[in-house]
Amino acid sequence: MSPTITRLTDLATRWNIALAHELPAARRLRRELHAAPCLSGHEHPARTRIVEALSDLIVFEQTADAGAVGRTGPADGPAIAVRAELDALPVTELTGASFAAVGGVMHACGHDVHQAAVVALLRAAEHLDLPLGLVGLLQPREESYPSGALEMVEAGVIERHGIAHVIGAHVHPGVARGAVAAGGGFINAAADEIEIRVEGRGGHGAYPHDASDTVAAIAHIALGIPEVVRRTVSPLRPALISVGTLTAGEGAANVLPAEARIFATMRTTDPADRSTLFDAVRAMAERTAAAYGTTATTTRIEGEPALINDAALAAGADDWLARLGVDGAEPMRSLGADDFSYFCDAVPSLMLFAGVETPGEHPQPALHHPRFLPEDDAVDLVARALMAGYLAAAERVLGIAHHRGDIAGSGDTVGSGEKAGSSGAGPDGEG
Ligand SMILES: [Zn+2]
């Protein structure tokens, strides 16, 4: 076993013990946070509560409006960051839990669990003599635009703290309870929105020959979209466009409307497909609209890029999860989206999925469902997943520092000149 692994194994043992002491309070904090959810852009109370739970140990700085960043371990040199999303969803909770939220806002995506896990992990790390900084990223606006992750990256959080890697962990009902899925490469899709507006000459329904039929045009465009996807993107690369909104007319039966609109989400897994597919949809919409004597205007609202996990970090995390006694699982890949991908674009990073499946008579519903409610022990699992991610990232940063001769003998010191992202290949693997 290399000296780096021996040192990190010893750290893992002590961290795990310290974590066990923190978890009862963290589980209580999770219930408190669950009962007081905050919508995207209004996460200030959640941030205040989390910062308060760490106020005796860590000084946080405000960022991205309702976000915050705090660091423990060595104050200088490279750091590994763990991220917790702060926002909840406009969902009316139906879990019936004693700590259920009221008022039409709910932690239906498990972010309360992530927040409590980050608090427990940071608290447990306090007296451990960490080899590299540990940065807590309290991120607002994961569920809405503008992305809180993008704003934190653009605010220079990565450079300011020398963050070499970011680790995220998300609860997921598709992974067996107690297991954690890592997996390198493509994890989540790039998510863009497409709006198509068709305009023509409105008129009387009984005189269609004196008008142009925007309803027929928009209907054929909607039906043509899956065809465009099929003919534009290789079937070996997942991609889709789903029309979520189609509107025309204002309620009358006998009025041909002058305008119709489609609002759709486009999910792609390859950066080139993002523009190629959009261009193909625009061309189809224009030609179809022209065939009906109307015009189409197509616009793209750019969302987050595809989430690509660093393959080496994923393999390392699998090893550390096994050492921590946590079961591994098949990678969770989907055309869902998560703005964690902005961190992956900035530095090689890793998103893990913590299993909260409850099979049987009352299966755990999907994320964002009004009955989605992970058990208390999900806090423990998310904390251990983040710990495994830190250890894998530290192994990589220390290993590279060691290679370069920054570490001499047993008095391990890490070169403070290590730059964020200098420790490996960029997250540009094909999804
Ligand atoms: Zn989420």
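Please read these numbers as outputs of a predicted model, since none were measured by experiment.

Residues and numbers for the domain arrangement of the chain, please.
You can read the domains of the chain as domain 1 (3-188 + 306-403) and domain 2 (191-301). Put simply, the middle of domain 1 and the middle of domain 2, counted by C-alpha atoms, are 39 Å apart. Taken residue by residue, the interface counts six residues in domain 1 and eight residues in domain 2. Carbon and sulfur atoms make up 66% of the surface buried where domain 1 meets domain 2, a total of about 560 Å² over both sides. At the boundary of domain 1 and domain 2, one finds zero salt bridges. If you look at where domain 1 meets domain 2, you find one residue pair in polar contact (both at pLDDT 80 or more).

I'd like to hear about the nonpolar core, residue by residue, with values.
Among the nonpolar cores identified, the biggest contains 70 residues, and Trp15, Leu352 and Tyr390 are the most heavily contacted of them. The element contributing the most residues to this core is helix H10 (residues 378-403), with 16 residues. When near neighbours in sequence (up to four residues on either side) are disregarded, Leu352 contacts Ile167, Gly168, Ala169, His170, Val180, Ala181, Ala182, Ala317 and Ala385. Listed in part, the 26 residues of the second largest apolar core include Val135, Ile158, Ile163 and Leu307.

I'd love a proper account of the layout of surface pockets, names of residues and values included.
One number sums up the size of the largest pocket: a volume of about 510 Å³. Taken together, 22 residues form the lining of the largest pocket, with Glu142, Gly336, Ala337, Asp338 and His368 sitting closest to its centre. Mapped by element, the contributors of at least two residues to the lining of the largest pocket are strand S5 (163-176), strand S8 (190-199) and strand S12 (259-268). Sorting elements by how many residues they give to the lining of the largest pocket places S8 first, with three residues. Here the lining of the largest pocket is composed, by residue class, of seven nonpolar, eight polar and seven charged.

Let's hear about unusual backbone geometry: which residues, and what values?
Cis geometry marks the peptide bond from Tyr145 to Pro146, where omega comes out at -5 degrees. Within the element layout of this structure, Pro146 appears in the loop between strand S4 (133-139) and helix H4 (148-154). Despite not being glycine, Ala64 has its phi angle at roughly 50 degrees, a positive value. Take Ala64: it is sitting in the loop between strand S1 (60-63) and strand S2 (67-72).

Which residues make up the sheet that holds strand S3 (residues 79-85), and what values do they have?
Spatial strand order, S1-S2-S4-S3-S5-S16-S6-S15: eight strands in an open sheet with mixed pairing. Each end of this open sheet is capped by a strand with a single partner; those strands are S1 and strand S15 (327-329). Adjacent strand axes in the sheet meet at a mean angle of 30 degrees when their direction is disregarded. Pairing between S2 and S4: five bridges, direction antiparallel.

Can you tell me about the side chain of Asp339, naming the residues and giving the values?
Note on placement: Asp339 falls in the loop between S15 and helix H9 (341-346). Separated by 3.0 Å, the side chains of Asp339 and Gln139 make a polar contact.

Outline the pattern of salt bridges, supporting the account with residue identities and numerical values.
Within the structure shown, the criterion is met by 25 salt bridges. The residue Glu32 makes a salt bridge to Arg49 at a minimum N-O spacing of 2.4 Å. Of this pair, Glu32 sits in helix H1 (residues 3-35) while Arg49 sits in helix H2 (residues 44-53), placing them 17 residues apart in sequence. Taking relative accessible area as the criterion, Arg49 reaches 22% and is therefore assigned partly exposed. Of the charged contacts, one joins Arg300 and Asp192 as a salt bridge, the two residues approaching to 3.0 Å between their closest N and O atoms.

Rules of the game
- Residues numbered from 1 in each chain as written.
- Predicted model: local features only at pLDDT ≥ 70, side-chain atom pairs only at ≥ 80, totals over all residues.
- Heavy atoms only, no water.
- Domains from an automatic or database assignment.
- Contact = heavy atoms within 4.5 Å.
- Buried area = accessible area lost by both parts, 1.4 Å probe.
- Salt bridge = Lys/Arg side-chain N within 4 Å of Asp/Glu carboxyl O.
- Polar contact = N/O pair within 3.5 Å; in protein donor to acceptor, adjacent residues only side chain to side chain.
- Core = buried A, V, L, I, M, F, W, Y, C linked by side-chain atoms within 4.5 Å.
- Buried < 20%, exposed > 50% of the residue type's maximum accessible area, 1.4 Å probe, protein only.
- Helix = DSSP H or I, 4+ residues; strand = E, 2+ residues; numbered from the N terminus.
- 1 Å grid on protein atoms, 1.4 Å probe; cavity = no way out; pocket = protein on both sides within 12 Å on 5 of 7 lines; lining within 4 Å.
- Points joined across faces, edges and corners; volume = space filled by probe spheres on them.
- Nonpolar A, V, L, I, M, F, W, Y, C, P; charged D, E, K, R; others polar.
- Pairing = 2+ DSSP bridges.
- Axes fitted to C-alpha atoms, helices over the stretch in contact; angles between N-to-C directions.

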